[in-house]
Each structure stands twice: as structure tokens, then as C-alpha cells.
Amino acid sequence: MNTHPEQDALAADAADPGRRAEFLIPPAPAGAPYPETAYFAGNSLGLQPKDAAAAVQAELAEWSGQAVEAWFAAERPWVSYPALLRDDMAALVGARPEETVVMNALTVNLHLLMATFYRPEGERVRIVIEDTAFPSDSYAVAGQAAWHGLDPARTVVRLPAADIPAYLAAEGGRVALVLLGGINYLTGELLDIPGITAAAHEAGAVAGWDLAHAAGNVPLSLHDWNADFAVWCTYKYLNGGPGAPGACFVHARHLTGGADPALPRLTGWWGTDERVRFEMRPDRDHVPAADAWQVSTPPILGLAALRAALAVHAKAGMAELGARSRRLTGYLESLLAPMDGGPIELITPSDPARRGAQLSVRVAAGDAAGLAGRLHARHGVLADVRNPDVIRFAPVPLYSTYHDCWRAARALAAELTG
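Cut-offs used in this document
Residues numbered from 1 in each chain as written. Predicted model: local features only at pLDDT ≥ 70, side-chain atom pairs only at ≥ 80, totals over all residues. Heavy atoms only, no water. Core = buried A, V, L, I, M, F, W, Y, C linked by side-chain atoms within 4.5 Å. Buried < 20%, exposed > 50% of the residue type's maximum accessible area, 1.4 Å probe, protein only. Helix = DSSP H or I, 4+ residues; strand = E, 2+ residues; numbered from the N terminus. Pairing = 2+ DSSP bridges. Axes fitted to C-alpha atoms, helices over the stretch in contact; angles between N-to-C directions. Contact = heavy atoms within 4.5 Å. Disulfide = S-S within 2.5 Å. Salt bridge = Lys/Arg side-chain N within 4 Å of Asp/Glu carboxyl O. UniProt positions renumbered as here; feature names shortened; annotations may be inferred. Phe/Tyr/Trp six-rings, centres within 6.5 Å; stacked < 30°, edge-to-face > 60°. Lys NZ or Arg CZ within 6 Å of the ring centre and 35° of its normal. Parallel < 35°, antiparallel > 145°, perpendicular 65-115°, else oblique. Nonpolar A, V, L, I, M, F, W, Y, C, P; charged D, E, K, R; others polar. Patch = residues over 30% accessible without salt bridge, like charges linked within 9 Å, V, L, I, M, F, W, Y side chains within 5 Å. Areas by Shrake-Rupley, 256 points an atom, 1.4 Å probe, with all protein chains shown as cover.

> Hey, could you run me through the nonpolar core in this one?
Nonpolar side chains tend toward joint burial in soluble globular proteins. Within the largest apolar cluster, 70 residues are counted, with the highest numbers of intra-cluster contacts made by M89, V178, W209, L211 and W232. In terms of residue count, the dominant contributor to this core is helix α12 (residues 300-316) (nine residues). Counting residues in each nonpolar core, the second largest holds 32 residues, with L113, V250, A292 and W293 among its members.

Written out as C-alpha cells, the structure is:
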């Protein structure tokens, strides 16, 4: 049972408040002991920033007032709207602005970048992924292998993250691409991104990263770490809203000479130089930026909501968020520890340097969905489920509180130990 006094959690919130006031917190179900939800599902869908609705409404007003003219005459011309997000997004992932672009959705971007960077030749055809990779990544790499006429069962190598460096040292000459999640979606483990990237390059392979659970969660330095490319969504820790546009990174060394025209790409008209895009030339004008991988017209309303979210992140900065995340996640861990080894098993690394804002709990009874439903309905604690037996608690440093953590531990103990 949680023996930590509630007053201690409230005092911690007074001393370390985060930025909860800038977000809309869902109400708790009727009958729950507190009026607001203790929200731990930000690793699935982040909460709505209070400024998001006004940002979207501003672009709706441009649409109603100017219609097609808003592409060039709006207060924020739509034709250049993605560039408004570039600096803030680059800062979040430790990239140069020209290395980053907001576009499409994560798996679409993954396919676009693999079309460039997965180039199987001779014996070098294998793709290395985690054995617990997110299913979409598994499907995408299998699809790429098949697209190249290869057998996915022989081409895609699934390994525990800890075994990947040794595999690259032994079999690197057969590996074309290493594609891993920066943070494992199930366990919350933060991988050694710079170390694995270096090992991939030493083996002569390309290093790509899915940062869906890392972007906006942990400090990143993609440029300095020398990753070849990365993709991520923006609706989890970046709070861009359901189905918000994704983003990607391409290292500057691949951008030389107008995004290196020799690199193969699946191209579309939004990837041509903005200065001549509307001249409707039959040949594309290359740009020396990740913009060269753009294909289609950007979704302005989605970008508007995301711009409001990124503004909150920019005010906080990843240094502040990373530090508060360690404090908040560590506090939750201390509350759950008395149950570890009994009714629950904490499967997220205990070392703060090897995780972000997530603690994954394996439930001994195996009924994760039923337990999560009771936590929400009876206690107003909302967490994410991965069937059959894992509940993921994400104490997001922007808006989660120490009192939320106290409520979660108290509710879990009440349901599991009585």
C-alpha cells in the first residue's frame, strides 16, 4: 500500500510545478475522488495546449476570409507554413534547422526515407530491428524488403537491443540498415543512440531511428550523434493532437549540393524549391535541406495546432523538461517499488539514464485492460494498456504532477492489494 503522505506530493508540486496551467486536463469520471483525471497516457496521445484552438481558429478565419489567396496573403502565408515550425522542432531533437522538416505521418516518412537510405546490394541487404519493435516498424521494413524483391523472413533480423552491437561487429558486412526505436514503446528503455549509430557506421550500414517515444521526451542530439535519418510523430510527447503531422531528420552530410541530387528519392512538387514551385516546371529544383523529401501539400490546420504545442516546448526547453522528467518518474518509481516483485513487475530500466517519462508495469494477473479500466472508472487514473499484461504510466513533465503519481500508486495498490 502507498504509505507516502498525500501532503508530501502536494508540497512537491508547489516546489516543482511544471507547466500544467498551459494544458487542458480532462475531467475524471463521475464518482472518482478528484475532479481532474490523473493522465498517464501522454505516450499515446498528449494533452491539448490551451492555445491550440485559437491557433487553428486563426487559420480557419484565413480560409473563410481569403480562401485560396491565403496561400500567399495570410498573416502566416500557408505556402511557407512548415518553416514556422522548423526552428522549434530542430531544437527539440538536437538538429540544425535545415536538417528537419514537418510533413506527412511517421510511417509515411519512414517509407520515404528508406526509399533513399535502404539500398540493398550484393550481400549487404539485411535490416536490423529490435525484437520488440513497434508493429508499424516491423511492417514497414518487411514491406521495403519485399519491394526490393527480397524475402522479409531472411532479410529482417530481429534482435534484443543489447545484442545489436555484437551482431554488427560479427555480421555487419551483410547489414544495409539499422532501424531502431529511440525509446522502446513497450518497456520504456532508452537505447544508446550515439553508440549504436557509431556501431552501424563502423559496420558500413546506415543508422535510422524511430523517435516516436523519444522526441519531446528525452534530450536528443541527432546532428552530433551522426544519425543518418530519423522519423517521429508529434501527437505523443509533443502534444500536436490526434493524427498530427509527423517530422523527420536528415543529417547535413546528406544535404550537400542541394540535398545531394544523386540520392534517390520518391519526389513530389512540395519538395522543389519554394521560390520556383509555382512556375510549374517539369524538372524539380533541389533544395539543400530536409525539405527536399517533402512530397505533398501540407495540412495547415494540423500544423497550426502543432505550432501552438511547440511554442510551449520552446518556452520550457528540453533541459528543463528532461530534469523534471527524472524527478517525476523517479518519484513514481519510489511509490510503485513496494509492489514490485509482488502483484506487479516494473520492466522499465531503473537507471534514469536509460529511460524517459515512462514506467511500464507488468501485471501478474495478466488482465491489464481490465485493471486499467478500473483505475480510470473508480479512481480517475488514466494509463495506457499493451495487452495482455502491461500498463504503461507516462508522467509527462509538461503537465503531470506529483499528486497524479501519488494517486496512481494509491489506486494501483487499492485494486491489487485491497
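> When you look at the sheet that holds strand β10 (residues 359-363) in this model, what are you seeing that I'm missing?
The five strands are arranged β1-β11-β12-β10-β9 in an open sheet whose pairing can be described as mixed. Of all strands in the sheet, those with a lone pairing partner are β1 (38-40) and β9 (344-346), marking the two edges. With strand direction ignored, the average angle separating the axes of adjacent strands in the sheet is 30°. Bridging between β9 and β10 involves three bridges; their strand directions are antiparallel. Counterpart to E345 in the pairing with β10 is R362. Each of β1, β9, β10 and β12 (390-393) touches helix α13 (residues 318-336); the most contacted strand, β10, lies at about 20° to it.

> It is not clear to me how the state of the cysteines should be interpreted in this structure. Could you clarify?
Chemically, a disulfide is nothing more than a covalent bond linking the sulfur atoms of two cysteines. This model, assessed by the stated rule, comprises zero disulfides. Free cysteine: C233, not disulfide-bonded; nearest cysteine sulfur from C248 at 13 Å.

> I tried to follow the pattern of salt bridges on my own but got confused; where do I start?
When charged atoms on two side chains of opposite charge get close, those side chains can pair. Counted according to the given criterion, the structure contains 25 salt bridges. The shortest N-O distance in the salt bridge between D384 and R386 comes to 3.1 Å. Look at D384 and you get buried, because its relative accessible area is 10%. By relative accessible area, R386 is classed as partly exposed at 24%. When salt bridges with common partners are traced through the structure, they connect R19, E22, K315 and E320 into a single cluster.

> Help me understand the environment of R154, please; the structure alone is not making it clear to me.
Considering the arrangement of structural elements, one finds R154 in helix α7 (residues 152-155). Put simply, R154 and Q48 are 106 residues apart on the chain and 43 Å apart in space, counted from C-alpha to C-alpha.

> Explanation requested: the sheet that holds strand β3 (residues 126-130) in the structure shown.
Adjacent strands of a sheet form backbone hydrogen bonds with each other and so pair up, either parallel or antiparallel. Ordered in space as β2-β8-β7-β6-β5-β3-β4, the seven strands form an open sheet in which the pairing is mixed. In this open sheet, the two strands that pair with only one neighbour each are β2 (100-102) and β4 (156-159). Averaged over all adjacent pairs, the angle separating strand axes in this sheet is 20°, with direction ignored. Two strands pair when backbone bridges link them, and strand β7 (residues 229-232) and strand β8 (residues 247-250) are joined in this way by four bridges, in the antiparallel orientation. Note that in β8 the partner of F229 across the bridge is V250.

> When you look at the UniProt feature "binding site: pyridoxal 5'-phosphate" (unreviewed entry) in the protein in this model, what are you seeing that I'm missing?
Using the residue numbers shown here, the UniProt feature "binding site: pyridoxal 5'-phosphate" (unreviewed entry) corresponds to L106, T107, F134, P135, S136, D137, D210, H213, Y235, W269 and T297. Taken along the chain, the residues just named run across 192 residues; in space they spread out, the farthest C-alpha pair reaching 31.0 Å. Under the relative-accessibility criterion, F134 is labelled partly exposed at 33%. The contacts of F134, once residues within four sequence positions are left out, are Y185 and R386. Here D210 is to be found in strand β6 (residues 206-210). Setting aside chain neighbours within four positions, we find D210 in contact with L106, D137, L179, L180, G181, G182 and V231.

> Can you walk me through the packing of aromatic side chains in this structure?
A complete count under the given rule lists ten aromatic pairs for this structure. Seen in terms of ring centroids, W71 and W78 are 5.4 Å apart; in terms of plane orientation they differ by 90°. Their pairing is edge-to-face. This pair shows no difference in class: W71 is buried, exactly as W78 is. On the numbers, 5.3 Å between centres and 75° between planes, the contact of W269 with W270 is edge-to-face. A connected cluster of aromatic rings, assembled from ring pairs, spans W71, W78, W269 and W270. R265 extends its terminal NZ or CZ atom over the ring of W293, reaching a point 4.6 Å from the ring centre.

> Explain the pairing of strand β11 (residues 381-386) to me, please; I cannot follow it from the model alone.
Regular strands place their side chains on alternate faces of the sheet. Across three bridges, the pairing between β1 and β11 is parallel. Pairing of Y39 across the sheet is with L382, part of β11. Bridge count between β11 and β12: three bridges; the pairing is antiparallel. Counted as the bridge partner of D384 is R392 from β12. Taking the residues that link successive antiparallel strands as the turn, the β11-β12 hairpin has three residues.

> Where do I start with the packing of helix α1 (residues 6-15) against helix α15 (residues 402-417) in this structure?
Packed helices, taken two at a time, are described by their axes: the angle between them and the distance between them. Between α1 and α15, the least distance of the axes is 7 Å, while the angle of their chain directions is 155°. If you check the angle between α1 and α15, you find them roughly antiparallel. In contact with E6, A9, L10, A12 and D13 of α1, α15 contributes Y402, H403 and W406. Per-class residue counts for the contact of α1 with α15 are five nonpolar, one polar and two charged.

> How should I be thinking about unusual backbone geometry in this particular structure?
Peptide bonds are mostly trans, and most non-glycine residues show a negative phi. In this structure, the amide linkage connecting N387 to the following residue, P388, adopts the cis form with an omega of 5°. Locating P388 in the fold gives a position in the loop between β11 and β12. With a phi angle near 50°, N104 is a residue other than glycine that sits in the positive phi range. N104 gets classed as partly exposed once you look at its relative accessible area, which sits at 25%.

> So what exactly am I meant to see when it comes to a nonpolar patch on the surface here?
Residues F72, W269, F278 and M280 make up a contiguous nonpolar surface patch of about 440 Å² in total accessible area. As for its position among the elements, F72 is in helix α3 (residues 70-73). Given the relative accessible area of 52%, F72 is considered exposed.

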